[in-house]
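If you want the building blocks of each chain, they are given just below.
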Amino acid sequence: MPSYDYDDARETAGYIRGIIPFTPKTAIVAGSGLADIADMVENPITLYAKDIPNWPGSTAPGHAGRIIAGTIHGRHVIFLQGRVHYYEGYSMKAVTFPVRVLGMLGVKEYIATNASGAINTSYTPGEIVAITDHINLMGSSPLIGPNDSRWNERFPDMTHAYDREMLEFFAGLGLKQGVYAAMHGPSFETPAEVRMLRMLGADLVGMSTVPEVITAHAMGMRVAGLSCAANLAAGIDPEHRLTGQEVLEVVSEAAIRTAGIITALIDRLNRGEM
Ligand code: HPA
């Protein structure tokens, strides 16, 4: 069992560097049901999680466990098709190990996608929302434990965890914005929890992304978060029962739109306009 420390990440980054003949600038992480957005990667080189030393393999449905490196509009990208979740029983260090490796590979921008429940009823199920900020209710942090200052400082600032220029770009595309609350899951929320989250100022609720964002931002990457509001959060429609299957179906239909947004962002980044 790896300890997911600096030396493990160096080993993993070394393995990936031996296969990918370039330094990826932008990383994209596909959440549940969004794996198909990897189709936008040109000249793809595919790596499988099971072959990569120390890489935590996903057990969640809709998470393929592949890494695809290639180009989008000529920009070198690395695409994680599937992530691991805290609810799978992985430690916070394991959940964020891929982010550590990406940072060590030289990635500058970290674009996370996920599926969420809509607390804010102005969202339509299937709508893609730009995450402006988050509330960490997972009960833990990936930065707990002895601090390795080669990676990040002890007390990273989180005032602008989500890159403001990228948020402006998304607003220009007409995307709605929202605050994402992270719960550890894996049960969906109760209606009372959803009412609590609304009072706390959350617009979306999900079970991922926040540990990665904390880690990526602490390491100095620019971070963007795109959330597909797959369903109305529990209790908003009291007759509706939530299922993982419904989430995957709604999100899969949003994959092409999500890919379009990311491609447009990468084009802008590549022109040096942001
Ligand atoms: N709650 C938490 N996570 C989710 C939801 C939800 O309603 N929908 C998709 N992911």
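Here, every reference points to the structure presented above.
The notes below deal with the structure included here. All of these numbers come straight from a predicted model, not from anything done at the bench.

1. Brief notes about the site of the ligand
With respect to spatial proximity, the complete set of residues near the ligand consists of Ala115, Ser116, Gly117, Phe188, Glu189, Val205, Gly206, Met207, Asn231, Leu242 and Val247. Here a nitrogen atom of the ligand and a backbone polar atom of serine 116 are 3.4 Å apart. The separation between a nitrogen atom of the ligand and a polar side-chain atom of glutamate 189 is 2.7 Å. In isolation the ligand has 260 Å² of accessible area, and contact with the protein removes 95% of it.

2. Here's the deal with the nonpolar core
Membership of the largest hydrophobic core comes to 87 residues, with the highest contact counts inside it found for Ile16, Ile28, Ile37, Ile78, Phe79, Tyr110 and Phe170. By residue number, the principal contributor to this core is helix 7 (residues 244-270), which donates 11 residues. Non-local contacts of tyrosine 110, meaning those with residues more than four positions away in its chain, are made with Ala27, Val29, Val99, Leu102, Glu212, Ala216, Met221, Arg222, Val223 and Ala224. One finds Ile119, Leu197, Ala202 and Ala233 within the second-largest nonpolar core, a separate group that totals 10 residues.

3. A closer look at empty space enclosed by the protein
For the structure on display, the rule yields 2 cavities of 30 Å³ or more. Of the pockets and cavities examined, the largest cavity occupies roughly 140 Å³. Taken together, 18 residues make up the lining of the largest cavity; nearest its centre are Trp55, Gly82, Arg83, Val84 and Pro98. If you list the elements that add at least two residues to the lining of the largest cavity, you get strand 3 (66-72), strand 4 (75-81) and helix 3 (97-105). Its residues assigned to classes, the lining of the largest cavity comprises 11 nonpolar, 4 polar and 3 charged.

4. Brief notes about the pattern of salt bridges
Tallied over the full model, the rule gives 11 salt bridges. Taking the shortest distance from any N to any O, the salt bridge between arginine 83 and glutamate 212 comes out at 2.5 Å. Of this pair, arginine 83 sits in the loop between strand 4 and helix 2 (92-95) while glutamate 212 sits in helix 6 (residues 210-218), and the two are 129 residues apart along the sequence. Overall, the relative accessible area of 6% leaves arginine 83 in the buried class. The buried category is assigned to glutamate 212, whose relative accessible area is 2%. Across the pair glutamate 165 and arginine 222 runs a salt bridge, and its minimum N-O distance is 3.2 Å.

The rules behind the values
- Residues numbered from 1 in each chain as written.
- Predicted model: local features only at pLDDT ≥ 70, side-chain atom pairs only at ≥ 80, totals over all residues.
- Heavy atoms only, no water.
- Near = heavy atom within 4 Å.
- Polar contact = N/O pair within 3.5 Å; in protein donor to acceptor, adjacent residues only side chain to side chain.
- Areas by Shrake-Rupley, 256 points an atom, 1.4 Å probe, with all protein chains shown as cover.
- Core = buried A, V, L, I, M, F, W, Y, C linked by side-chain atoms within 4.5 Å.
- Buried < 20%, exposed > 50% of the residue type's maximum accessible area, 1.4 Å probe, protein only.
- Helix = DSSP H or I, 4+ residues; strand = E, 2+ residues; numbered from the N terminus.
- Contact = heavy atoms within 4.5 Å.
- 1 Å grid on protein atoms, 1.4 Å probe; cavity = no way out; pocket = protein on both sides within 12 Å on 5 of 7 lines; lining within 4 Å.
- Points joined across faces, edges and corners; volume = space filled by probe spheres on them.
- Nonpolar A, V, L, I, M, F, W, Y, C, P; charged D, E, K, R; others polar.
- Salt bridge = Lys/Arg side-chain N within 4 Å of Asp/Glu carboxyl O.

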